[in-house]
Amino acid sequence: MTERDAARALAHPGADGIRLEGVLHALSDPVRLSIVRDLAGQGAELACSHFDLPVTKSTTTHHFRVLRESGVVRQTYRGTTKLNALRREELERLFPGLLDAVLTAAAAEQSRLTPLPTRH
């Protein structure tokens, strides 16, 4: 981390500050859930610009802030890029099975709600 990046470090809750109700609130929004699903699927840090979200830039910033402040993601600067990483290990230690259950349920819901292609 460069000195400039350190100066722009974002506040994150420590593991003792992560609360179940905050995590559930963060995951209850469809846009935030799509961000978490994408991060989980990639298994790597992703820049905010990676996400194609159906909301304005200011609303996108809000969603990332909710995820960060609830302890679901960690955001770090690398130069001018803000990277996002899922705090999977910490969440698993605090709430065993919760994240995987939510991700599995979200995938099942998407499959259920996605129409099958029609044959002509």
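Just so you know, these numbers come straight off a predicted model, no measurement behind them. (Residues numbered from 1 in each chain as written. Predicted model: local features only at pLDDT ≥ 70, side-chain atom pairs only at ≥ 80, totals over all residues. Heavy atoms only, no water.)

Remarks on the sheet that holds strand 3 (residues 81-86)
Then comes step 1: Pairing within the open sheet is antiparallel, and its three strands lie in the order 1-3-2. The open sheet is flanked by strand 1 (46-47) and strand 2 (73-78), the only strands paired with a single partner.
Then comes step 2: Looking at chain direction, strand 1 and strand 3 are connected through two bridges and run antiparallel. Within strand 3, the residue paired with Leu 46 across the bridge is Asn 84.
Then comes step 3: Where helix 4 (residues 57-70) meets the sheet, it contacts strand 2 and strand 3, and its direction lies at approximately 115° from that of strand 2. (Pairing = 2+ DSSP bridges. Helix = DSSP H or I, 4+ residues; strand = E, 2+ residues; numbered from the N terminus. Contact = heavy atoms within 4.5 Å. Axes fitted to C-alpha atoms, helices over the stretch in contact; angles between N-to-C directions.)

Some remarks on the packing of helix 2 (residues 20-27) against helix 4
Then comes step 1: Two elements in contact, helix 2 and helix 4, have axes whose closest approach is 9 Å; the angle formed by their N-to-C orientations is 155°. Classified by the angle their axes make, helix 2 and helix 4 are roughly antiparallel. Read as a crossing pair, helix 2 and helix 4 show a hand that is left-handed. Taking contact as the criterion, the partners of Gly 22, Val 23, His 25 and Ala 26 in helix 2 are, on helix 4, Val 66, Leu 67 and Ser 70.
Then comes step 2: Here the contact of helix 2 with helix 4 is built from residues that sort into four nonpolar, three polar and no charged. (Parallel < 35°, antiparallel > 145°, perpendicular 65-115°, else oblique. Left-handed = near helix turned anticlockwise from the far one by under 90°. Nonpolar A, V, L, I, M, F, W, Y, C, P; charged D, E, K, R; others polar.)

Some points on the pattern of salt bridges
Then comes step 1: Throughout the structure, instances matching the rule amount to six salt bridges.
Then comes step 2: Arg 78 serves as the salt-bridge partner of Glu 45, at 3.0 Å between the closest nitrogen and oxygen. Taken together, the residues Glu 45 in the loop between helix 3 (30-42) and strand 1 and Arg 78 in strand 2 connect sequence positions 33 residues apart.
Then comes step 3: Residue class for Glu 45 comes out partly exposed when judged on its relative accessible area of 35%.
Then comes step 4: Taking relative accessible area as the criterion, Arg 78 reaches 47% and is therefore assigned partly exposed.
Then comes step 5: Across the salt bridge formed by Glu 90 and Arg 87, the nearest N and O atoms sit 2.7 Å from each other. By the burial criterion, Glu 90 is buried, and Arg 87 matches it.
Then comes step 6: Ionic contacts of the salt-bridge type, sharing partners, join the residues Arg 74, Arg 87 and Glu 90 into one network. (Salt bridge = Lys/Arg side-chain N within 4 Å of Asp/Glu carboxyl O. Buried < 20%, exposed > 50% of the residue type's maximum accessible area, 1.4 Å probe, protein only.)

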